[in-house]
Amino acid sequence: MKQYNLDELDLKILKMIISNARIPFLEVARACNVSGAAIHQRVQRLMSLNIIKGSEMVVDYSKLGYETCAYIGLYLKNPSHFNDVVSALKAIPEVVECHYTTGQYDLFIKLYARNNQHLLSIIHQKLQPLGLARTESLISFKEAFSRQVDISASDDAE
């Protein structure tokens, strides 16, 4: 995968918008001591390079009645059906993430359900018909934290 060499201004912009995706460009411009147009151009370039893939609001699903967060390892009966299974998973609204993985699972998903009974229903009625040999579920009691990578710390690994 291609890695881009970003200058100090790009990194400063990224750090600021990672910590607050709704920060006004003019505020970023003031902190970076450049024009708002320069910030806008830099952000557009970072987006065109797919370094920035968008922004999102973070929703607390438990406040909407989705009390169960589960991570499920999927074992496919026929691993050649990866693409079909992934397409079918996209059509299940409760599934919010899907990852190709190494190790014991063919795919690893994250989903939200209203409760454990709803989770069981999703597994039996929506997941099993996709051609799964079996599933392995882990239920999250509570998210300890979620964050973006601290890009200022990434230089330590080199």
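Preceding this paragraph is the structure being described.
What you see is a predicted model; the values in this text were computed from it and never measured.

Caption draft 1: Structural detail: the sheet that holds strand β4 (residues 132-140). Taken together, four strands build an open sheet; the order of strands is β2-β3-β1-β4 and the sheet is antiparallel. On the outer flanks of this sheet lie β2 (95-100) and β4, each paired with one strand and no other. Sheet twist, expressed as the average angle between the axes of neighbouring strands with direction ignored, equals 20 degrees. Of the pairings in the sheet, the one linking strand β1 (residues 68-76) to β4 comprises eight bridges and is antiparallel in character. By the bridge assignment, Y75 is partnered in β4 with R134. Contacts from helix α4 (residues 82-90) reach β1, β2 and β3 (107-113), with the element oriented near 160 degrees to β2.

Caption draft 2: Region of the structure containing the packing of aromatic side chains. Taken as a whole and assessed by the stated rule, the structure comprises five aromatic pairs. Where Y61 meets Y112, the ring centres are 4.5 Å apart and the plane angle is 35 degrees; that geometry is what we call tilted. A residue pair is termed long-range when its members are at least 10 positions apart, and Y61 in the loop between α3 (36-48) and β1 and Y112 in strand β3 qualify at 51 residues. Overall, the relative accessible area of 15% leaves Y112 in the buried class. Look at Y71 and F108: their rings are 6.2 Å apart centre to centre, the planes differ by 15 degrees, and that puts the pair in the stacked class. Taken as a pair, Y71 in strand β1 and F108 in strand β3 lie far apart in primary sequence, 37 residues in all. With a relative accessible area of 28%, Y71 lands in the partly exposed category. Linked through ring pairs, Y71, Y75, Y105 and F108 together constitute an aromatic cluster. When the ring centre of Y75 is taken as reference, the NZ or CZ atom of R134 above it lies at 4.1 Å.

About the cut-offs
- Residues numbered from 1 in each chain as written.
- Predicted model: local features only at pLDDT ≥ 70, side-chain atom pairs only at ≥ 80, totals over all residues.
- Heavy atoms only, no water.
- Pairing = 2+ DSSP bridges.
- Helix = DSSP H or I, 4+ residues; strand = E, 2+ residues; numbered from the N terminus.
- Axes fitted to C-alpha atoms, helices over the stretch in contact; angles between N-to-C directions.
- Contact = heavy atoms within 4.5 Å.
- Phe/Tyr/Trp six-rings, centres within 6.5 Å; stacked < 30°, edge-to-face > 60°.
- Buried < 20%, exposed > 50% of the residue type's maximum accessible area, 1.4 Å probe, protein only.
- Lys NZ or Arg CZ within 6 Å of the ring centre and 35° of its normal.

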